[in-house]
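Given next are the chains, with one letter for each unit.
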Amino acid sequence: MTTANATPITDAQTSTAPKMVKYPITVFNDGLLNPFPDAAKEKKIVGFHPKSKHSIPTPSKMGITFSAEFLRDLIVFLNNPRGFALMITGETGSGKTTGVLEAGAYLNWPVREYACTGDHEHGSLRGQFQFKSAKPGEPPAMTFVHGALAKAMRNGEILLINEFDMGSPEELAGLNDVLAGRPLVIEENGDEIIYPHPMFRIIATGNSNGGGDETGDYAGVQSQNMATMDRFRVIKKPYMSTDEEIAVIEKATDGKIPTAIAAQMVEVAQSFRSLYLQKQLSRTMSTRSLVHWAFLMVDYNGAQNANGDSIIISYTVQRCFMNHLRSDEVDAAKRIVSDQFADGVQWD
């Protein structure tokens, strides 16, 4: 990405402050994807200048391929959230978090991550007093430490709240004022007021849409407060298409997995997902697991059994997926792999 493609929004910022710019929407996927084909010249997306200095590093590009629909939703939200936050829901490993991080990498926009847990407290997001040493070895002193929300609001970062639906709805309701666009007031720190930076965004991810787990597969997911969720725009992140997942495998392994083999691996993953939806498997093969399988295929290349037969396919898929299954599910999974890789899959 070159600075020639970045158009400044304002010249009122100092040279040391992060500089907001606008990029052409074709900046994503190396210009190969335009989710607004009828407005390619006019459509821009906000971001930061590549030489801007931030308090945290901007994400690194991972080579993720965006789908047109997901990218379109991200562009519209990041350009102008209209006073709302964004909730990305989808199955495990479908690319909810990595998609946001990849967008941040292209736009030089820092992403501050925060993971919700069942014992989440709003104070950990906002900030709280802690015993903290100024230097290693020095005695700690009570000091106020700003949380991820306060830092992201102040610095114009994307606050990415992962596993949002695992948080306590009572505690997450503490976000309502900020979600409504009001400044963050921290009474316990001398009534400190933090006004939202114009580039501040909140994006949450979860395996549900905030209404609770309908499948019973995601332990810890809670139904969220309706008033909180009413402040979110909700989009669904499905698994990638066949061609997209093949491209991900090829990129992840630097082309060491032939396209034909990658296509067979994707077919296996899709068959596993189908059985999972039919409740015949207790686990689905995510894109994350698929890439893990590809890595193992490269790392274990040449593995053989005692008879000298190649066991690379069976050996690797067991370690990234099948060993997670219940014992009564393994035979069905083996049949899927054997049917797809018909030429001599050895299971011993």
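Refer to the preceding data block for the structure.
Before going into details, it helps to say that this report is about the structure given with it. (Residues numbered from 1 in each chain as written. Predicted model: local features only at pLDDT ≥ 70, side-chain atom pairs only at ≥ 80, totals over all residues. Heavy atoms only, no water.)

The next subject is helix α9 (residues 259–277). Across its 19 residues, α9 extends 27 Å between first and last C-alpha, which sits within 8% of the 27 Å expected from 1.5 Å per residue. Where α9 is concerned, the buried positions are Ala-262, Met-265, Val-266, Val-268, Ala-269, Phe-272, Arg-273, Leu-275 and Tyr-276. Taken from the residues just after α9, Lys-279 is the one with a positive phi, measuring 65°. (Helix = DSSP H or I, 4+ residues; strand = E, 2+ residues; numbered from the N terminus. Expected span 1.5 Å × (residues − 1). Buried < 20%, exposed > 50% of the residue type's maximum accessible area, 1.4 Å probe, protein only.)

Here we come to the pairing of strand β3 (residues 44–48). Of all 5 residues that make up β3, 4 are buried, and the element is covered over most of its length. Note that strand β2 (residues 20–24) and β3 share 5 bridges and pair antiparallel. Bridging from a neighbouring strand, Lys-22 pairs with Val-46 of β3. (Pairing = 2+ DSSP bridges.)

In this approach the atoms are scanned with a rolling probe the size of a water molecule, which exposes any empty space left behind. Looking at the largest pocket, its volume works out to about 500 Å³. Together, 22 residues line the largest pocket, and Gly-93, Ser-94, Gly-95, Thr-98 and Arg-288 are the ones closest to its centre. Mapped onto the lining of the largest pocket, the elements with two or more residues apiece are α2 (96–107), β11 (201–206), α8 (242–252) and α10 (287–299). In terms of residue class, the lining of the largest pocket is built from 6 nonpolar, 12 polar and 4 charged. (1 Å grid on protein atoms, 1.4 Å probe; cavity = no way out; pocket = protein on both sides within 12 Å on 5 of 7 lines; lining within 4 Å. Points joined across faces, edges and corners; volume = space filled by probe spheres on them. Nonpolar A, V, L, I, M, F, W, Y, C, P; charged D, E, K, R; others polar.)

Next up on the list: the nonpolar core. Ranked by internal contacts, the top residues of the largest apolar core, which has 31 residues, are Phe-28, Phe-66, Leu-78, Leu-107, Trp-109 and Ile-203. Put simply, the parts of the chain that give this core at least two residues each are β2, β3, α1 (68–79), β4 (85–89), α2 and β8 (158–162). The leading source of residues in this core is α1, at 6 residues. Each residue touching Trp-109, except ones within four places of it in the same chain, is listed here: Val-46, Gly-47, Phe-48, Thr-58, Pro-59, Leu-78, Gly-104, Gly-156, Glu-157, Ile-158, Met-199 and Arg-201. (Core = buried A, V, L, I, M, F, W, Y, C linked by side-chain atoms within 4.5 Å. Contact = heavy atoms within 4.5 Å.)

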